[in-house]
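Okay, here's what each chain looks like letter by letter:
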Amino acid sequence: MHYAEYAGRAPQFFTIDRPFPLEEGGSLPSVTLAYHTYGTLNETGDNVIWVCHALTASSDVAEWWPDTVVEGGLLDPTKYFIVCANKIGSPYGSTSPITINPATGEPWYLDFPQVTVRDMVRAYRELRTALGITRIKMIIGGSTGGCQAMEWAISEPELFENVSLTVTLPKITPWIVADSEAQRMAIEADPTFFERCIDGGGKGLAAARAMSMLIYRNSVAFNRTQHDPDSEKLEGYRAASYQRYQGEKLRKRFNAHCYYRLLQSLDSHDVGRGRGGVDAALKLITARTIVMAVDTDIMFTEPEVREMAVMIGADYHTIHSDYGHDGFLIETPEITRVLKKYL
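Residues numbered from 1 in each chain as written. Predicted model: local features only at pLDDT ≥ 70, side-chain atom pairs only at ≥ 80, totals over all residues. Heavy atoms only, no water.

Draft legend 1. Structural context of helix 2 (residues 117-131). In this model, helix 2 (15 residues) spans 21 Å end to end at C-alpha, consistent with the 21 Å of a helix rising 1.5 Å per residue. Taken as a whole, helix 2 has its buried residues at V117, R118, D119, M120, V121, A123, Y124, L127 and R128. Looking one or two residues past helix 2, G132 carries a phi angle of roughly 80°, positive in sign. (Helix = DSSP H or I, 4+ residues; strand = E, 2+ residues; numbered from the N terminus. Expected span 1.5 Å × (residues − 1). Buried < 20%, exposed > 50% of the residue type's maximum accessible area, 1.4 Å probe, protein only.)

Draft legend 2. Structural detail: the sheet that holds strand 11 (residues 288-294). Strand order in the open sheet formed by eight strands is 1-4-6-5-9-10-11-12, and the pairing between neighbours is mixed. At either end of the open sheet lies a strand with only one pairing partner, and these are strand 1 (12-16) and strand 12 (315-319). This sheet shows a mean twist of 20° between the axes of neighbouring strands, independent of strand direction. Across six bridges, the pairing between strand 9 (residues 136-142) and strand 10 (residues 160-166) is parallel. Looking at the pairing, G141 lines up with L165 of strand 10. Across the sheet, helix 2 touches strand 1, strand 4 (31-38), strand 5 (48-52), strand 6 (81-85) and strand 9, and the angle it forms with strand 4 is around 55°. (Pairing = 2+ DSSP bridges. Axes fitted to C-alpha atoms, helices over the stretch in contact; angles between N-to-C directions. Contact = heavy atoms within 4.5 Å.)

Draft legend 3. Fine view of the packing of aromatic side chains. A complete count under the given rule lists 12 aromatic pairs for this structure. For the pair W50 and Y124, a centre-to-centre distance of 6.2 Å together with 45° between the ring planes defines the contact as tilted. Taken together, the residues W50 in strand 5 and Y124 in helix 2 connect sequence positions 74 residues apart. A residue is classified by how much of its surface remains accessible, and Y124, at 1% relative accessible area, is buried. Where W152 meets F160, the ring centres are 5.4 Å apart and the plane angle is 85°; that geometry is what we call edge-to-face. Owing to a relative accessible area of 0%, W152 belongs among the buried residues under this scheme. Grouping aromatic residues by their ring pairs yields a cluster made of W50, Y124, W152 and F160. Above the plane of the ring of F20 lies R122, whose end atom (NZ or CZ) is 4.4 Å from the centre. (Phe/Tyr/Trp six-rings, centres within 6.5 Å; stacked < 30°, edge-to-face > 60°. Lys NZ or Arg CZ within 6 Å of the ring centre and 35° of its normal.)

Draft legend 4. Structural view of the nonpolar core. Core analysis: the largest hydrophobic core is formed by 75 residues, its most contacted members being W50 and Y259. The element best represented in this core is helix 8 (residues 256-267), accounting for seven residues. When near neighbours in sequence (up to four residues on either side) are disregarded, Y259 contacts L55, T56, Q183, I187, L205, A208, R209, S212, Y216, L250 and F254. By size, the runner-up hydrophobic cluster in this structure holds 26 residues, among which are V51, V69, Y80 and F328. (Core = buried A, V, L, I, M, F, W, Y, C linked by side-chain atoms within 4.5 Å.)

Draft legend 5. View of the environment of N42. Topologically, N42 is positioned in the loop between strand 4 and strand 5. It is 9.9 Å that separates the C-alpha atoms of N42 and G132, two residues lying 90 residues apart in sequence.

Draft legend 6. Spotlight on the pattern of salt bridges. Taken as a whole, this structure holds 20 salt bridges when the rule is applied. For R196, the salt bridge is made with E106, and the minimal N-O distance between the two is 4.0 Å. Of this pair, R196 sits in the loop between helix 4 (174-188) and helix 5 (202-216) while E106 is found in strand 8 (residues 106-107), placing the two residues 90 residues apart along the sequence. Here E106 falls in the partly exposed class, since its relative accessible area comes to 42%. One salt bridge in this structure joins E151 and R275, with 2.5 Å as the shortest N-O distance. Of this pair, E151 sits in helix 3 (residues 144-155) while R275 is found in the loop between helix 8 and helix 9 (278-282), placing the two residues 124 residues apart along the sequence. For R275, a relative accessible area of 21% corresponds to the partly exposed category. Taken together, the salt bridges that share partners define one network made up of E23, R118, E151, R273 and R275. (Salt bridge = Lys/Arg side-chain N within 4 Å of Asp/Glu carboxyl O.)

Draft legend 7. Representation of helix 7 (residues 238-253). With 16 residues, helix 7 extends 23 Å between its outermost C-alpha atoms, agreeing within 8% with the 22 Å of an ideal straight helix rising 1.5 Å per residue. Looking only at helix 7, the buried set comprises Y242, Q243, Q246, G247 and L250. The buried residues of helix 7 all sit within an arc of 130° when viewed along its axis, so they share a single face. Every exposed residue of helix 7 that faces more than 90 degrees away from the buried side is listed here: R244 and K252. In this structure, the buried residues of helix 7 make contact with helix 5, helix 6 (219-225) and helix 8. (Arc of directions from axis to C-beta.)

Draft legend 8. Region of interest: the pairing of strand 12. One ladder, built from five bridges, connects strand 11 with strand 12; its direction is parallel. Each residue of the ladder has a partner; that of A293, found in strand 12, is T318. Note that the unit made of strand 11, helix 10 (residues 302-312) and strand 12 has a crossover that is right-handed. (Right-handed = clockwise from strand over helix to strand, strands pointing away.)

Next up, the structure:
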């Protein structure tokens with residue numbers, strides 16, 4: 001079966017129908033997770049690959065990570081039971097700023113409480129139990145998905161045989177916080193963001209996405225792919241239209257209120273919080289761990305990722321890509337080659 005035959009399927013839903021306490025205080029009255037599964041869980045409940053998605057992806061791995069959910073691929077549904085849950089705060093079906101607040105009968109919007117990566121993982125743990133999963137053969141997380149995978153591997157270490165962490169860190173750096181804040185400022189500059197409507201902040205979201213492309217890629221990628229061969233041109237530059245295209249594409253498929261809160265969730269990521277620091281927290285991981293960096297990544301830089309691998313005692317690999325941080329989604333053949341050795 002080709003991967004496209006798995007993509008686009010409707011999600012399933014799991015509800016925690018009781019108050020869900022949050023790390024920063026308060027609680028959500030209940031939590032619903034949208035999730036996708038591919039393949040069949042075996043009788044012992046341990047043929048599982050769990051994928052944690054990145055910032056603006058959905059739980060439909062077959063759609064956003066082409067050529068992985070396919071027979072013979074990394075996420076082979078003929079061998080494994082593949083699970084991906086849409087994290088709290090995302091607009092693809094899970095509880096988020098655009099789902100209904102039962103206290104008001106209207107969407108939460110900016111009343112939605114702050115959720116941390118640790119909160120997201122606690123919800124995954126309940127879904128895992130409900131699905132009858134006893135052990136996870138490999139958890140895979142790239143970028144912000146890696147933050148979730150790392151947090152889970154620390155909080156429930158005996159559950160995992162292999163942990164794959166790609167272009168991610170145990171604690172968000174000031175550089176990334178600064179980028180997130182600049183994006184939030186762009187969203188706040190759109191006055192419609194403060195209106196209680198689903199499309200509020202759309203222009204601000206498009207501007208934020210255009211800004212984020214500069215940290216997701218790098219000058220090498222832009223100078224190579226967005227070059228204007230016409231030296232007489234005085235306007236209408238390819239790079240300018242590309243930025244507007246990327247901003248508009250996200251505006252059409254995502255939501256400004258969700259994006260705003262998810263950036264805050266990313267900023268709060270620190271596995272060492274309440275655990276005696278990052279080094280002590282990473283030592284709690286007992287699974288075989290595979291860490292990958294992209295050599296041109298300016299978001300989660302290669303030296304920083306390599307340092308984390310040393311702290312964990314992980315197997316370390318550097319992936320070459322001209323596309324910077326986004327290389328973790330683009331260099332699929334190389335990432336597949338590395339991870340299949342561990343399966």
